[in-house]
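Analysis of the macromolecular model
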Number of protein chains: 2
Amino acid sequence: MEARIEKIKQQLQSQGYKLTLQREATLRVLLEHEADHLSAEDVFLLVKEKAPEIGLATVYRTLELLSELHVVEKLNFGDGVARYDLRNDNNQHHHHHLICIKCGSMDEVKEDWLLPLEEKLAVEYGFTVIDHRLDFQGICAACNKLE
Amino acid sequence: MEARIEKIKQQLQSQGYKLTLQREATLRVLLEHEADHLSAEDVFLLVKEKAPEIGLATVYRTLELLSELHVVEKLNFGDGVARYDLRNDNNQHHHHHLICIKCGSMDEVKEDWLLPLEEKLAVEYGFTVIDHRLDFQGICAACNKLE
DNA sequence: TTACTTGCAAATCATTTGCATCCAA
DNA sequence: TTGGATGCAAATGATTTGCAAGTAA
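Keep in mind it's a predicted model, so treat the numbers as computed, not measured.

Looking at the overall build of chain A
Each helix and strand in chain A was counted, giving six helices and six strands. Reported as C-alpha extents along the three principal axes, the dimensions of chain A are approximately 45 × 45 × 25 Å. In chain A, which comprises 147 residues, the proportion classed as buried is 44%. Within chain A, contacts between residues separated by at least 24 positions form 46% of all contacts whose residues are at least 6 apart in sequence.

Pasting the structure below:
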């Protein structure tokens, strides 16, 4: 945890940004909730527990900044709020989402199944893939059992 | 065109909805711009040319309704506006998006590359896929040439 | 006739911004 | 010391909603 924060601190400083108390508190919340897909509001409420003075605007600004630095990934599941996922150490994101339309649960496939497709795009379409996003909507294993 | 409208009319009526002038004008705009990814505002302006009395709220309500009926697909490319795509006749959508981060163009791959993955999900995860979404961000062929 | 629809304006809700003040490096 | 950062409140922009009046079936 400390190592990851240190690393991000250096990433910030190399671009002329500062690691403020608020930014560090926000990062810690993100690290502690790595499995979730928190909205800015969610992050705000959690950070408030440690740093009550923080403002919502700061959280938005921090998340936007971390997003530009590819520390977090900004996601949109179509429910009207942006959600933020911490990326792994390489700042890569190679997982896909399984969104259950019955219970609303969201699971992840932590593998990258798209490399062959990205290859195909390069060859057949001349398109260089930098990032991708793959979500599946359907019925999760638990809900399937309930039927 | 008429046939598709007739079909959608029946789909509406079978659920107790009416095909009003406004809804028909909206459908015609969507049909005429099938290749685009129009926002509600875009649709509103285009419909206004044929039916000047229409209100923006009606366009939103119509698009929402058509989305529930799976006539259109509501998309979100992360630019703060929802966009709407007409689905094909089976109400299936089997295409993927190529979004260029240089020029902002959006291309489509009109094939479904995910069937093998959906099979894998069913077997390995017990997850029944109903719908999916796949977008690639990267550099398009045209921008690649300019380099 | 009678639900379902509409247009309008007002309301919501997420996100952004201006600005005076603050603080990490 | 000083340019980037913050908190607050106000502004913005997309989308939704209440309501009286309109209309397709």
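So, the interface of chain A and chain B
Facing the 31 residues of chain A at the interface are 31 residues of chain B. The junction of chain A with chain B conceals about 2900 Å² of combined surface from both sides, 66% of it contributed by carbon and sulfur atoms. The three residues of chain A that bury the most area against chain B are Trp113, Tyr125 and Phe127 of chain A, which together make up 22% of that side's buried surface. Where chain A meets chain B, there are eight residue pairs in polar contact (both at pLDDT 80 or more). When contributions to the side of chain A that touches chain B are tallied by element, the ones reaching two or more residues are β4 (96-100), α5 (115-125), β6 (128-139) and α6 (141-146) of chain A. Looking at the side of chain A that touches chain B, the element that brings in the most residues is β6 of chain A, giving 12 residues. Across the side of chain A that touches chain B, the residue classes break down as 18 nonpolar, seven polar and six charged. Examined bridge by bridge, β6 of chain A and strand β6 (residues 128-139) of chain B share 11 bridges and lie antiparallel to one another. Residue His132 of chain A lies in a different strand from β6 of chain B, and its bridge partner there is Phe136 of chain B.

Some words on the protein's contact with DNA strand C
Taken together, 23 residues surround DNA strand C, and among them Gln13 and Tyr60 of chain A together with Thr20, Arg23 and Thr58 of chain B come closest. Near the protein, meaning within 4 Å, the atoms of DNA strand C are sugar or phosphate in a fraction of 70%, with bases accounting for the rest. At 2.6 Å, a side-chain N or O of Gln13 of chain A approaches a phosphate oxygen of DNA strand C. A distance of 3.1 Å separates a phosphate oxygen of DNA strand C from a polar backbone atom of Lys18 of chain B. Broken down by secondary-structure element, the contributors of at least two residues to the surface near DNA strand C are α1 (2-14) and α4 (56-68) of chain A together with α2 (21-32) and α4 (56-68) of chain B. Looking at the surface near DNA strand C, its residues break down into nine nonpolar, seven polar and seven charged.

Section: the pairing of strand β5 (residues 106-109) of chain A
All names here are of chain A. Sheet analysis places β4 next to β5, joined by four bridges and oriented antiparallel. The residue bridging Ile99 from the neighbouring strand is Met106, located in β5. Between β4 and β5, which pair antiparallel and follow one another directly, the connecting turn spans five residues, one of which, Gly104, has a positive phi of 80°.

Comments concerning the protein's contact with DNA strand D
For DNA strand D, the set of nearby residues contains 23 residues, the closest of which are Lys18, Arg23 and Thr58 of chain A together with Gln13 and Tyr60 of chain B. The contact atoms of DNA strand D, taken as those within 4 Å of the protein, divide so that sugar and phosphate hold 70%. In this structure, a base nitrogen belonging to DNA strand D sits 2.3 Å away from a side-chain N or O atom of Lys18 of chain A. In this structure, Gly55 of chain A approaches DNA strand D through a main-chain N or O atom, which is 3.1 Å from a phosphate oxygen. Where the surface near DNA strand D is concerned, the elements lending two or more residues are α2 (21-32) and α4 of chain A together with α1 (2-14) and α4 of chain B. Counted by class, the surface near DNA strand D contains nine nonpolar, seven polar and seven charged residues.

Basis of the calculations
- Residues numbered from 1 in each chain as written.
- Chains lettered and ligands numbered in written order.
- Predicted model: local features only at pLDDT ≥ 70, side-chain atom pairs only at ≥ 80, totals over all residues.
- Heavy atoms only, no water.
- Helix = DSSP H or I, 4+ residues; strand = E, 2+ residues; numbered from the N terminus.
- Buried < 20%, exposed > 50% of the residue type's maximum accessible area, 1.4 Å probe, protein only.
- Contact = heavy atoms within 4.5 Å.
- Buried area = accessible area lost by both parts, 1.4 Å probe.
- Polar contact = N/O pair within 3.5 Å; in protein donor to acceptor, adjacent residues only side chain to side chain.
- Nonpolar A, V, L, I, M, F, W, Y, C, P; charged D, E, K, R; others polar.
- Pairing = 2+ DSSP bridges.
- Near = heavy atom within 4 Å.

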